[in-house]
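Tertiary structure, described
As a plain string of letters, each chain reads:
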Amino acid sequence: MTLPGHAFFRGRIVPYSEARVGVLTHGLNYGTGVFAGLRAYWNADEAELFLFRPKEHFQRFLESARLLDMTLPQSVDALTDALVELLRTELYREDCYVRPLAFYADESIGVRLHNLTPEVSIVAMPYGRYVENDESLHATISSWRRVDDTMIPPRGKIAGSYVNSAFAKTDAQRAGFDEAIVLNQDGHVSEASAANVFLIRKGTAITPPVSDNVLEGITRRSVMELLTRELGVPVVERSIDRTEITLCDELFFCGTGVQIAAVTRVDHRPIGSGRMGPVVSSLRALYFDVARGRRADYRSWCHPVYADAPAGAETPLRKRSTAS
Ligand SMILES: Cc1ncc(COP(=O)(O)O)c(C=O)c1O
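Note that the coordinates shown come from a computational prediction; the quantities given were computed from them, not determined experimentally.

**As for empty space enclosed by the protein**
Applying the stated criterion across every chain yields a total of 2 cavities of 30 Å³ or more. Roughly 40 Å³ of volume is contained in the largest cavity. Around the largest cavity, the lining residues are Asp249, Glu250, Leu251, Ala262, Val263, Thr264, Ile271, Arg275, Met276, Gly277 and Val280. Per element, the largest residue contribution to the lining of the largest cavity is 3 residues, and it comes from strand E15 (residues 259–266). Approximately 30 Å³ is the volume attributed to the second largest cavity. If you trace the second largest cavity, you find it lined by Arg146, Pro154, Gly156, Ile158, Ser161, Tyr162 and Leu215. Considering only residue class, the lining of the second largest cavity consists of 4 nonpolar, 2 polar and 1 charged.

Shown next, in the form of structure tokens:
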């Protein structure tokens, strides 16, 4: 992975090498941090980088912070502005991944959530696929259970709870699978290690409700709209039994990292025909068009990075015109 050149850290853009914390930092020791993960898609025809739904990501980021009793000084708009400034500094002209993080920064011993001071950082780096074979993933049902809302709230992206995801992912990969499907405490399908899950059965898409301990995924929400409005596939949110996986026609994971990934085998059984099915295939094509800003009707989901850059600032377009 290419490291970023810069970071938004302590309220300003600094070289990445200066964005450092001490080993006693509370968030590092106790997992008392929250994060977000966004993608920015490069559109070569327009020489523009489009952030996918940054307001929604930063809204959830602030809500995740609230779950940890953290009050951040920045608003959704201020965070979006900081990110745009960071990306303009990096002058990226390729697909990127963005990682905002808010963590309790005190260098002190004592596990708690009160009387602590949060700090925010944002970094962005060039990024392609999170999973290589996203048209034919082989998943396993994990022996780990998803954290419950009575343990660590799964609806937000809380740093410490990703140890749960890490157990599931590592065990799955060491056993030769690509990903894990994790069940919740009731034995219902919850999600993958870092992605939401959808089944397609008899023309209907089914996904677990948020109350089954899933992250309130932005891609999940976007996919629900695209399936219903554009592909005419009704979506039902309800608990999913483990054996429904065996009987479904198609299965996919969705999330900022995996984007839309077809799951074609679970444990040692094929899903449907054992190949990516028509709904997932159409959804992938549509999703990438939408995210890259190629669909006028979904342009509001795409936040341009360079469009309103101040006069005199270097942008991919301005650089290109001076070079030619
Ligand atoms: C546990 C978990 N579930 C689901 C998702 C998908 O969420 P989003 O679509 O907001 O990226 C993620 C993050 O990418 C995640 O970490």
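**Things to note about the pattern of salt bridges**
Considering all chains together, one arrives at 17 salt bridges under this definition. Here arginine 299 and glutamate 46 are joined by a salt bridge, their closest N and O atoms 2.7 Å apart. Remark: glutamate 46 occurs in the loop between strand E4 (38–43) and strand E5 (48–52) and arginine 299 occurs in the loop between helix H7 (278–291) and strand E17 (302–304); sequence separation between them is 253 residues. Residue glutamate 46 is classed as partly exposed on the basis of its relative accessible area, which comes to 34%.

**Comments concerning a nonpolar patch on the surface**
On the surface, a nonpolar cluster with roughly 400 Å² of combined accessible area is contributed by Leu24, Tyr30, Ile109 and Val111. Position of isoleucine 109 relative to the elements: it lies in the loop between strand E6 (96–104) and strand E7 (118–126).

**What about unusual backbone geometry?**
Notably, arginine 10 is not glycine yet its phi reads approximately 50°, a positive angle. For arginine 10, the position within the fold is in the loop between strand E1 (6–9) and strand E2 (12–15). Assessed through its relative accessible area of 53%, arginine 10 is described here as exposed. Positive phi outside glycine occurs at glutamine 259, with the angle close to 60°. Secondary-structure assignment places glutamine 259 in strand E15.

**Concerning the nonpolar core**
In terms of nonpolar packing, the biggest core is built from 43 residues, with Leu49, Leu51, Phe61 and Leu83 touching the most fellow members. When contributions to this core are tallied by element, the ones reaching two or more residues are E1, E4, E5, helix H2 (54–67), helix H3 (76–90), E6 and E7. Discounting residues that sit within four places of it in the chain, leucine 49 has contacts with Ala40, Tyr41, Trp42, Leu87, Tyr92, Glu94, Cys96, His303, Pro304, Val305 and Tyr306. Among the nonpolar cores identified, the runner-up in size contains 23 residues, and Phe52, Ala205, Ile260 and Leu283 belong to it.

**Some words on the site of the ligand**
Looking at the ligand, there are 16 residues lining it, with Arg60, Tyr162, Glu191, Thr219 and Thr256 nearest. Threonine 219 is positioned with one of its side-chain polar atoms (N or O) 2.5 Å from an oxygen atom of the ligand. About the coverage of the ligand: the protein hides 97% of its 380 Å² of free accessible area. Because more than half of its atoms lie within 2 Å of the grid, the ligand is assigned to the largest pocket. For the shell around the ligand, the elements supplying multiple residues, two or more each, are H2 and helix H5 (218–230). For the shell around the ligand, the class distribution of residues is 5 nonpolar, 7 polar and 4 charged.

Rules used in this analysis
Residues numbered from 1 in each chain as written. Predicted model: local features only at pLDDT ≥ 70, side-chain atom pairs only at ≥ 80, totals over all residues. Heavy atoms only, no water. 1 Å grid on protein atoms, 1.4 Å probe; cavity = no way out; pocket = protein on both sides within 12 Å on 5 of 7 lines; lining within 4 Å. Points joined across faces, edges and corners; volume = space filled by probe spheres on them. Helix = DSSP H or I, 4+ residues; strand = E, 2+ residues; numbered from the N terminus. Nonpolar A, V, L, I, M, F, W, Y, C, P; charged D, E, K, R; others polar. Salt bridge = Lys/Arg side-chain N within 4 Å of Asp/Glu carboxyl O. Buried < 20%, exposed > 50% of the residue type's maximum accessible area, 1.4 Å probe, protein only. Patch = residues over 30% accessible without salt bridge, like charges linked within 9 Å, V, L, I, M, F, W, Y side chains within 5 Å. Areas by Shrake-Rupley, 256 points an atom, 1.4 Å probe, with all protein chains shown as cover. Core = buried A, V, L, I, M, F, W, Y, C linked by side-chain atoms within 4.5 Å. Contact = heavy atoms within 4.5 Å. Near = heavy atom within 4 Å. Polar contact = N/O pair within 3.5 Å; in protein donor to acceptor, adjacent residues only side chain to side chain. Sits in = over half its atoms within 2 Å of the grid points.

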